[in-house]
Amino acid sequence: MKTTQPHLEFTAPRDDNARLANLCGPLDKNLRQIEQALDVTLQRRGHRITIRGRGAKLALTALENFYNNARDPLSVDDIQLALV
């Protein structure tokens, strides 16, 4: 019997595109870094990011925290250091 992976969703406010861009990074590199560190799959469509995998709850918390701190661009190093 196949078990389905839990999935959650992070939705950024539509009125702050710059902060969303800072969260995701160039070509979504920051999202890829979060995927690797937390063993999840992130799929972004506009302002919504679907999170799948065992670490989905932790990834959701991380995305919320990173978004709150994304008034300025976040680097891959910023992401790596925060996830360690």
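Quantities reported herein were computed from a predicted structural model and do not represent experimental measurements.

Conventions adopted
Residues numbered from 1 in each chain as written. Predicted model: local features only at pLDDT ≥ 70, side-chain atom pairs only at ≥ 80, totals over all residues. Heavy atoms only, no water. Pairing = 2+ DSSP bridges. Helix = DSSP H or I, 4+ residues; strand = E, 2+ residues; numbered from the N terminus. Axes fitted to C-alpha atoms, helices over the stretch in contact; angles between N-to-C directions. Contact = heavy atoms within 4.5 Å.

Here 5 bridges tie strand β1 (residues 7–11) to strand β3 (residues 48–52), and the two strands are oriented antiparallel to one another. Each residue of the ladder has a partner; that of leucine 8, found in β3, is isoleucine 51. The pairing of strand β2 (residues 41–45) with β3 spans 5 bridges and is antiparallel. By the bridge assignment for β3, arginine 45 is matched with arginine 48.

The backbone phi angle of leucine 27 is positive, close to 55°, even though this residue is not glycine. Among the structural elements, leucine 27 can be located in the loop between α1 (17–24) and α2 (29–38). Even without being a glycine, aspartate 28 presents a positive backbone phi close to 60°. With respect to the helices, strands and loops of the structure, aspartate 28 is situated in the loop between α1 and α2.

It is worth spelling out the sheet that holds β3 at this point. Spatially, β1-β3-β2 is the arrangement adopted by the 3 strands of the open sheet, whose pairing is antiparallel. With partners counted over all chains shown, the strands left at the sheet margins are β1 and β2, one partner each. Each strand axis lies, on average, 20° off the axis of its neighbour in the sheet, ignoring direction. Most of the contacts of α2 go to β2, to which it runs at about 155°, and overall it touches β2 and β3.

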